[in-house]
Amino acid sequence: MLIRVRTNVGLWRVDNLPPPPEATVSSILNGIKTTRPNIEYVTPLCSDPACTVPLLDGTGDTTEDGSGGSSSGKEEKTTLEQLGLRHGSMIYAKVVPETCAE
């Protein structure tokens, strides 16, 4: 499965995600960390280009800590399929440019 992440510094492809019933928001965050281990988020992963609608963390709450995910790991419960994300879907985030070196 492939998800595209549009950021303020460019478009990233996160591929090799688990199949749809198993893929979660954490899967995307872990995929980003493999190529950008020091990434810092200004906004969490969002479903809209303006980054005003954060992806849900599985509890019905949005991720508000700016890390792109909750620190409790509750986003594990919400699959990408439940969020309406499919192969090739685009999500959005704002990041600190200085932390994006591959």
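Residues numbered from 1 in each chain as written. Predicted model: local features only at pLDDT ≥ 70, side-chain atom pairs only at ≥ 80, totals over all residues. Heavy atoms only, no water.

Draft legend 1. Expanded view of the confidence of the model for the protein. When pLDDT is averaged across the protein, the result is 83; 79% of the residues are at 70 or more. pLDDT under 50 marks residues 58-72. Its contacts with residues more than four places away, or in other chains, come to 32 contacts. (pLDDT = per-residue confidence, 0-100. Contact = heavy atoms within 4.5 Å.)

Draft legend 2. Here's a closer look at the side chain of Thr43. Inspection of the secondary structure assignment puts Thr43 in the loop between helix H1 (25-35) and strand S3 (90-92). Using a relative accessible area of 13% as the deciding quantity, one classes Thr43 as buried. Looking at Thr43, its side chain comes within polar contact range of the main-chain nitrogen of Lys94, at 2.9 Å. Setting aside residues no more than four positions away along its own chain, Thr43 makes contact with Cys51, Ala93 and Lys94. (Helix = DSSP H or I, 4+ residues; strand = E, 2+ residues; numbered from the N terminus. Buried < 20%, exposed > 50% of the residue type's maximum accessible area, 1.4 Å probe, protein only. Polar contact = N/O pair within 3.5 Å; in protein donor to acceptor, adjacent residues only side chain to side chain.)

Draft legend 3. Here's a closer look at the sheet that holds strand S1 (residues 3-7). If you trace the three strands from one edge of the open sheet to the other, you get S2-S1-S3, paired in mixed fashion. Each edge of the open sheet is held by one strand with a lone partner, namely strand S2 (10-14) and S3. Strand-to-strand twist of the sheet, defined as the mean angle between neighbouring strand axes without regard to direction, takes the value 30°. Pairing analysis gives three bridges linking S1 to S3, with the strands arranged parallel. Across the sheet, the residue bridging to Arg6 is Tyr92, located in S3. In this fold H1 packs onto S1, S2 and S3, with an angle of close to 110° to the strand it touches most, S2. (Pairing = 2+ DSSP bridges. Axes fitted to C-alpha atoms, helices over the stretch in contact; angles between N-to-C directions.)

Draft legend 4. Broad picture of the environment of Val25. Looking at the element boundaries, Val25 is found in helix H1. Along the backbone, Val25 and Leu80 are 55 residues apart, and their C-alpha atoms lie at a distance of 6.5 Å.

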